[in-house]
Amino acid sequence: MWSELTADTPAARAVEAELLARWAEPHRRYHDRAHLRAVLEALDELGATREVRLAAWFHDAVYEGRPGWDEERSAQLAQALLPRCGLGPESVAEVARLVRLTAAHDQVRPGDRNGEALCDADLAILASPAYDAYASAIRQEYAHVPDEAFRQGRAAVLRRLLAVPRLYRTETGHERWERAARANMTAELTRLGEACAGAGPRPPDGAAAPAS
C-alpha cells in the first residue's frame, strides 16, 4: 500500500491521488490500475525494497503509447513528486533509475537485485493464463497503428525477449514463470504469422508495442 511506503502527510496523499488518477486514464486498456496491482502482487512473491515498490507505482504513470519516452517521463515525474513524500535524494534517484530500466527489460545488469525484481514483476504477465487477454489489450492501446506495422513491431519485441537466455533474472521468477512465458510468447508469434528465428523487416518508428 502507498501509505506503507511514504510518510503519512497531506502531500504524500496528494501524490497517491495523482498517481491513481493517472493509472485510471480512459485510454488505458492494459496499463491500468489492474496492471499496477498485478506488479505489486508479483513483488510480494519476489520480495522487494521500498524503492522497488515505489518504482512500480511510477513505472507507467505516464503512458501515451510511446515506448522509451513514456518511461523517461515517468522517471521525471518520480523525481518531481517523491521529494514531497519525505524521500531523500538517494532513494529518489534509485526509484527514477528503476523506472527507466523498464523501457528495456533486457538491460538489467547482473547483480542488480532491485532492477531484477522490478523487471521480473513487470514481465510476470507473460506467464499468465490470461496472456491472450493481455495481448488483446495491448493491441487496443495501439489501435492507431495499422495492422501490418503493429504485427512487425510486436513480433520484433517478442523475438528479442525470446532470444535472451534467461527472461526472468530472479530465482523465484525464473522457476515460476520462465517456461510458461516462453510458451505464451511463441504462441503469439505463431498467431502473428512470424517465425521465431530471423530479425525480419524493421518496423516503422513508433510501431513496436511494449512487452508488458
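Given the structure is predicted, the values throughout are model-derived calculations rather than measurements.

Rules of the game
Residues numbered from 1 in each chain as written. Predicted model: local features only at pLDDT ≥ 70, side-chain atom pairs only at ≥ 80, totals over all residues. Heavy atoms only, no water. Salt bridge = Lys/Arg side-chain N within 4 Å of Asp/Glu carboxyl O. Helix = DSSP H or I, 4+ residues; strand = E, 2+ residues; numbered from the N terminus. Buried < 20%, exposed > 50% of the residue type's maximum accessible area, 1.4 Å probe, protein only. Core = buried A, V, L, I, M, F, W, Y, C linked by side-chain atoms within 4.5 Å. Contact = heavy atoms within 4.5 Å. Phe/Tyr/Trp six-rings, centres within 6.5 Å; stacked < 30°, edge-to-face > 60°. pLDDT = per-residue confidence, 0-100.

What follows deals with the pattern of salt bridges. A side chain with one charge can pair with a side chain of the opposite charge if their charged atoms come near. In this structure the tally under the stated criterion is 14 salt bridges. Two residues, glutamate 45 and arginine 176, come together in a salt bridge whose shortest N-O distance is 2.4 Å. Taken together, the residues span a long stretch of sequence, with glutamate 45 in helix 2 (residues 33-46) and arginine 176 in helix 9 (residues 171-191) at a distance of 131 residues. Linking glutamate 94 and arginine 97 is a salt bridge whose minimum nitrogen-to-oxygen distance equals 2.9 Å. Taken together, the positions of glutamate 94 and arginine 97, both in helix 5 (residues 89-101) and three residues apart, correspond to about one turn of that helix. Looking at arginine 97, the relative accessible area reads 32%, which means it is partly exposed. One salt-bridge network, in which partners are shared between bridges, spans Glu94, Arg97 and Asp112.

Trp2, Leu19, Phe58, Leu82, Leu126 and Leu167 are the most contacted members of the largest nonpolar core, which has 67 residues in total. Per-element tally for this core: the top contributor is helix 8 (residues 147-163), with seven residues. Not counting the four nearest positions on each side in its chain, tryptophan 2 is found in contact with Ala12, Val15, Glu16, Leu19, Leu54, Trp57, Phe58, Leu82 and Cys85.

Per the counting criterion, the structure on display carries six aromatic pairs. Relative to phenylalanine 150, the ring of tyrosine 142 lies with its centre 6.2 Å away and its plane at 50°, an arrangement referred to as tilted. On the basis of relative accessible area, phenylalanine 150 is assigned to the buried category, the value being 6%. Each member of the aromatic cluster is reached from another via a ring pair, and the members are Trp2, Trp57 and Phe58.

Per-chain confidence: the protein averages 90 in pLDDT, with 91% of residues scoring 70 or above. Every residue in residues 195-207 scores below 50 in pLDDT, and together they form 19 contacts with partners more than four places removed in sequence or on other chains.

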